[in-house]
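Chain and residue survey
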Amino acid sequence: MEQSAVLHRHLGVQFPLLTLSESNYLNLNDGRKILDASGGAAVGCIGWGNKRAIEAVSKQLGQSSYCATIFYSTRVQEELCHELIDSTKGHMARAYIVNSGSEAMEAAIKLARQYFLEISPPQPARTHFISRRQSYHGITLGALAVSGHEYRRANFEPLLMTKTSRVSPCFEFRGKTPSETDVDYVGRLARELDEEFQRVGPETVCAFIAEPVVGAALGCVPAVAGYFKAVKAVCERYGALLILDEVMCGMGRTGSLHAWEQEGVVPDVQTIGKALGGGYQAVAGVLANHRVVRAIEQGTSVFVHGHTYQGSPSGCAAALEVQRIVREEGLVRNVREMGTLLGRRLNEALGSHPNVGNIRGRGLFWGIEFVADKETKEPFPVQDHVAMSLAELGLTERYCIGVYPGGGSADGVRGDHIIISPAYNVGVAEIETISRPGYLFSPSPTRSMAVGLNNGRAAADEEARAEVDVLNSRLEKTAQLTKKIQACLSRLDATGKSVRDVAGPLNGETKKLQVLGSNIEAVLAAIDRLRQPVDSKNDEEQIIRMGPDKAGLSSYLASIKRLTKALNEMKASNIRSTQQTVTDLQRLVKSGNTQLEASFDKLLRTETPRSIEPLHYVTKSKQFPILSQDKIARLGLMNSHISVVHQQNTGAGSSAQESPVARIYAEVRSQYLSASLVNLAAASANTAKKKNPDAIYRAGTNGVGTYAQAMEGLFLAEYENICSIFTREDWGQVFQATCQPALVELGRTLRELNNHIKAHMPTDCYLAYEIVEIVSSLSNNLESRTGELKSSLAASLRPVRETAKSSLAELLEETKRKVGGLQTLPPDGAPIPVVSETIQRLQSMVDFLRPISSIMVSLGDGGWKSAAASRGGAGDAIPSLASFDIGADGREIFAHYCTDTIDVLMVALDARARVLLQKKSPIGVFLANSVTIIERMIQNSDLAALLDSRLQVLEQWRKKGTTLYTETCKDISVHLFDVIHTSRGGGGGRPASGQGAVDSASILKSLSSKDKENIKSKFQAFNTSFDDMVARHKQYSMEREVRQMFAKDMQNMIEPLYNRFWDRYHEIDKGKGKYVKYDKSAIAAVFLTLY
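This structure is a prediction, so every number in the text was calculated from the model and none was measured.

This brings us to the overall build of the chain. Check the secondary structure of the chain and you find 37 helices and 17 strands. Sequence-distant contacts, at least 24 apart, represent 76% of the contacts inside the chain between residues at least 6 apart. Summed over all atoms, the accessible surface of the chain reaches about 50,200 Å², with 52% contributed by carbon and sulfur.

What follows is the structure, encoded as structure tokens:
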């Protein structure tokens, strides 16, 4: 293989190449597929290969790949920082985005220092930082200076800043004495910190730095309850800041988005990383509270720090999408649930191991510390590299599981631990695999570490602490010893040849005697075995008669196994004299198995309530109950035995559902699930019924959401029971059978709701959209956690989904029908309710944009116009969670649907108005009113963001309405056209427009009597038409905007013509007003009354 050009962490190792990261697995170039049980270094939180995250980064790179933050910001950075600040419930004020945890800690240190320079009065003496021993805050020099990781500090100690000191960690396993209570221990540590403040001078301390749950340095060590409140009090007493490092333990890793939420304190400064971007880009950050930000804002307002790639657009896009996924998919809740299971399973599997000293953690962040002596807690020698050896062994082909090793947990140098920190979306099956790693079961890790190491790292951990010289010395001694052994073997070989010549004949006879003796012993043993069942039958029969409850389950199962073994041996002997015994044994075995099944049934029914009240668990966010561990253990033992017997009797190909205990389990537990959910099913149907049939459905007012939440919680709890009782190959079938009756009831409920929706399509189609999203999310959540039920839920959802798809076309047709069915329209052009009702429907649809988006993407742009949309498609498929992302495609298609709806409405209104109103003016008013109402409702709602660039469709209809209305103005304008041509005397003729003042008297003198009479007629005709137009304008019912628009258009068309005509001919009645009713100021005043 070509030599690597990479300056790897260890230059003596040929690292395998990572070729594909998918879900929770890593594929290597040598064919291994590693279950990533640590998420790398606790980085992976949504699994690998998430399409939403990848597409978000790709899209951002297409928009802007880099931002020079000294000049600009980006929308994605602003949105990410708002997301982060909002997640702290208002406790933190601003966020600073960088590229790694070390960068984040460097920024936090500088921010803390600058805070004391910005406050009034400044406190420049505060330059000292206190942290804790066995801590790790980053590898850069500033971050390393405040770290307590002795090995990583060693080489660079002379370079590190000296104004730092460290106190004891809060490490219950090694720090708390047997006689101390938690309160005593916390008090002692708080006093130690207080004394350190006093030692260095409290006025010099800038900040105290700590990890809420210590990661790499100690291996997932949470603090004792009350510790952080106590140290926060010390900091506040002396005016120092509290910096909490949540790079490894934050962003949901320990069961809350921010680890400090579980400690009852809020830091002044917080660092985040790793799970912030989940490994999709290099990104980390610093959060500062209001006090710190206010000091900078009121001081210089400049944070004197920066990086070329800070606020990287692609990093922000990855982090924003990852955090949205974590929030939208409820992954922090899964961290709590799966974390509880992981901790329980690790303690069950390893708690009693002689070399496991302590198992600790929180959420999906667990550490296992190894010891040479469990009682004294003595760690293994450093040179044994136990943690790294176990981690490397886990990567071998035999195990293919990845954990994160660490050292120094005992005293900063000695001590071995591994970290288990899988992705937040990990399921029960993967937890079961992770919590039973075979490579941890060797009684001596120092012996097991030599097995299976194939990459040259057996003698070195991640710190490269191997002592090569010592190994070379041992190899030389081994070579010398080998030479001596070879010489001795040569001499023995020569002597042995002589002995073989003499002993040969004796060996032959001896072998014959040995064979004879063996045969005799075999015959005697066979006779004993045949006699044993007869002798012991009565004893075993007594145990079987007692039953498993009285005899004890272990004794009972052992008895059945002995009887079964004896029965098989006697059948194999095929001796006629034992046939009666064989018959008796068969009877006993059958009776024993039957009683065992009855005991399984009885125990399960005793432990299963008739039902529970799901609302108690949903509303209080409590975990749904599971069977107790001792009962699960008993049920599991019984199932193991009965399943083996069932397979022996029916053959290996039989399914789990045919197993007696599987049938019993499905029967008993399915009744419990159905009974627990039946009231919520009924409530979902009942809440669809409305007192007002015309009321539009509002999001969240139906009980189906709570119904789905309860179903998910109950099903997941049931799956956990099944995984604990049955074998892996049976999980899916038993789970399906157990949930089936509840799913049948769900299907019935959804069909009932679907019938209601179809009967009230215009008002309740939104319920269909909501159900599509709720049930699809339920299906995706259950599939990600169990791998089951997707097809069953798809079948249940299909009627509602098809109704949702067909509703889009039906609503357009309903709009046409409703308008076409109108028998009258307001003669004054007033708007009608169908206009606002149609836009209200679109406004309501915005509240359901996520499911509508997925439906529209599946139909395609304009798909609602086809016949297929009315009938609905044939597919059952549940959309993936990714399809509910309201991406550009979904928004564009929905916007197109909105404009189609508006166009359909306006076309229908126009056609009906032409039939019912007939006259152009009221039609124009009617159309313009409708356009104005539509536009106003769009601008005052969430539709504005979607349709702002698409409102040209309204502009076309507005122009049409204006054209129709202003036809009257054209008719009036005819009276003002000057068609009189004079060419008398001096070539004066008719003055052209715009030639200054006009002498009306002079013009009239030059006209004939006929022309003067014509002018008088024009003035009179204008007066009549104009007055009629003004009266009708005031009678029409117009929206304010329409009235102003039409008034302006009328004034612009008529007033200039009238003023010109008046200028020329107003002297026709010499001011008497007989023909010229309005002068220029009078007609202007009339126009003002039209607005």
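With that out of the way, let us pick up the packing of helix α26 (residues 833-846) against helix α30 (residues 920-939). At their nearest, the axes of α26 and α30 sit 10 Å apart, and the two run at 25° to each other. Taken as axis vectors, α26 and α30 run roughly parallel relative to one another. Considering only the axes of α26 and α30, their crossing is right-handed. Residues V835, S836, I839, Q840 and Q843 of α26 pack against S930, I933, I934 and M937 of α30. Its residues placed into classes, the contact of α26 with α30 shows 5 nonpolar, 4 polar and no charged.

Interhelical geometry of helix α24 (residues 761-786) versus helix α25 (residues 790-820) gives an angle of 150° and a closest axis separation of 9 Å. Put simply, α24 runs roughly antiparallel to α25. Between α24 and α25 lies a crossing whose hand is left-handed. A per-class count over the contact of α24 with α25 returns 16 nonpolar, 5 polar and 5 charged.

With that settled, consider the nonpolar core. F715, Y769, I771 and F894 are the most contacted members of the largest nonpolar core, which totals 185 residues. Ranked by size, the runner-up nonpolar core spans 36 residues in total, among them L189, L193, Y227 and A240.

Residues I70, F71 and Y72 make up a contiguous nonpolar surface patch of roughly 430 Å² in combined accessible area. Relative to the helices and strands, I70 is located in the loop between α2 (51-63) and α3 (75-87). We classify I70 as exposed; its relative accessible area is 72%.

Below, the discussion takes up helix α21 (residues 660-686). For α21, with 27 residues, the first-to-last C-alpha span of 39 Å sits near the 39 Å given by 1.5 Å per residue. Considering bend angle alone, the principal kink of α21 is centred on L677 and spans about 40°.

All right, on to the environment of A1021 then. Turning to its location among the elements, A1021 is positioned in helix α35 (residues 1009-1035). A1021 sits 49 residues away from I972 along the chain, and the two C-alpha atoms are 8.4 Å apart.

Looking at the secondary structure, you find S792 in helix α25. With relative accessibility at 18%, the residue S792 sits in the buried group. Excluding anything up to four places from it in sequence, S792 contacts Q736, Q740 and L743.

So, on to helix α13 (residues 386-394). Most of α13 sits inside the fold, with 9 of its 9 residues counted as buried. Turning to α13, its buried residues number three or more, namely V386, A387, M388, S389, L390, A391, E392, L393 and G394.

Looking now at the pattern of salt bridges. Overall, the coordinates contain 55 salt bridges when judged by the stated rule. Taken together, the shared-partner salt bridges connect R52, E321, E328, E773 and R850 into one network.

Before going further, it helps to spend a moment on a positive patch on the surface. A cluster of basic residues, K1005, K1070, K1072 and K1074, forms a positive patch on the protein surface. On the secondary structure map, K1005 appears in helix α34 (residues 1000-1005).

This part covers the confidence of the model for the chain. Model confidence for the chain is summarised by a mean pLDDT of 85, while 85% of its residues fall at 70 or above. Low confidence marks residues 441-474, where pLDDT is under 50. Its contacts with residues over four positions away, or in another chain, come to 64 contacts. Low confidence marks residues 981-989, where pLDDT is under 50. Its contacts with residues over four positions away, or in another chain, come to 10 contacts.

Right, let's talk about the sheet that holds strand β6 (residues 164-167) for a bit. Here we have 7 strands laid out as an open sheet, ordered β4-β12-β11-β10-β7-β5-β6, and mixed in their pairing. Strands at the two margins of the open sheet, each flanked by one partner only, are β4 (92-98) and β6. For this sheet, the mean inter-axis angle between neighbouring strands, taken without regard to orientation, is 20°. As defined by bridge partners, strand β11 (residues 269-272) adjoins strand β12 (residues 284-289) across 4 bridges and the pair is classed as antiparallel. When the bridges of β12 are listed, Q270 appears paired with L287. On top of the sheet, α3 reaches β4, β11 and β12; it is set at about 130° to β4, its chief contact. Of the strands in this sheet, β4, β10 (241-246), β11 and β12 are in contact with helix α10 (residues 290-298), which crosses β12 at around 85°.

Bridge analysis of strand β2 (residues 25-28) against strand β3 (residues 33-36) gives 3 bridges, and the strand direction is antiparallel. By the bridge assignment, N27 is partnered in β3 with K33. With antiparallel pairing between neighbouring strands as the criterion, β2 and β3 make up a hairpin whose turn holds 4 residues, including G31 at a positive phi of roughly 100°. When β3 meets strand β15 (residues 401-402), the two strands line up parallel, connected through 2 bridges. When the sheet's bridge partners are listed, L35 is paired in β15 with I401.

A separate point is the packing of aromatic side chains. This structure, assessed with the given rule, holds 25 aromatic pairs. Judged by centre distance (5.3 Å) and plane angle (75°), the ring pair of Y96 and F303 falls under edge-to-face. Residue Y96 is located in strand β4, and its partner F303 is located in the loop between α10 and α11 (313-328); the two are separated by 207 residues in the primary sequence. Judged by relative accessible area, which is 15%, Y96 ranks as buried. Plain terms: the ring middles of W864 and Y897 are 5.1 Å apart, the flat faces sit at 85° to each other, and that makes the pair edge-to-face. On the criterion of sequence distance, the pair formed by W864 in the loop between α27 (849-859) and α28 (867-871) and Y897 in helix α29 (residues 888-916) is long-range, its members being 33 residues apart. One aromatic cluster in this structure is built from F1019, F1022, F1026, Y1058, F1061, Y1065, Y1078 and F1087.

On to the sheet that holds β15, then. Pairing within the open sheet is mixed, and its 4 strands lie in the order β1-β2-β3-β15. The strands lining the two open edges of the sheet, one partner per strand, are β1 (18-22) and β15.

What counts and how
- Residues numbered from 1 in each chain as written.
- Predicted model: local features only at pLDDT ≥ 70, side-chain atom pairs only at ≥ 80, totals over all residues.
- Heavy atoms only, no water.
- Helix = DSSP H or I, 4+ residues; strand = E, 2+ residues; numbered from the N terminus.
- Contact = heavy atoms within 4.5 Å.
- Areas by Shrake-Rupley, 256 points an atom, 1.4 Å probe, with all protein chains shown as cover.
- Axes fitted to C-alpha atoms, helices over the stretch in contact; angles between N-to-C directions.
- Parallel < 35°, antiparallel > 145°, perpendicular 65-115°, else oblique.
- Left-handed = near helix turned anticlockwise from the far one by under 90°.
- Nonpolar A, V, L, I, M, F, W, Y, C, P; charged D, E, K, R; others polar.
- Core = buried A, V, L, I, M, F, W, Y, C linked by side-chain atoms within 4.5 Å.
- Buried < 20%, exposed > 50% of the residue type's maximum accessible area, 1.4 Å probe, protein only.
- Patch = residues over 30% accessible without salt bridge, like charges linked within 9 Å, V, L, I, M, F, W, Y side chains within 5 Å.
- Salt bridge = Lys/Arg side-chain N within 4 Å of Asp/Glu carboxyl O.
- Expected span 1.5 Å × (residues − 1).
- Bend = angle between axes of the 7 residues up to and from the residue.
- Lys, Arg positive; Asp, Glu negative; His and termini not counted.
- Charge placed at Lys NZ, Arg CZ, Asp CG, Glu CD.
- pLDDT = per-residue confidence, 0-100.
- Pairing = 2+ DSSP bridges.
- Phe/Tyr/Trp six-rings, centres within 6.5 Å; stacked < 30°, edge-to-face > 60°.

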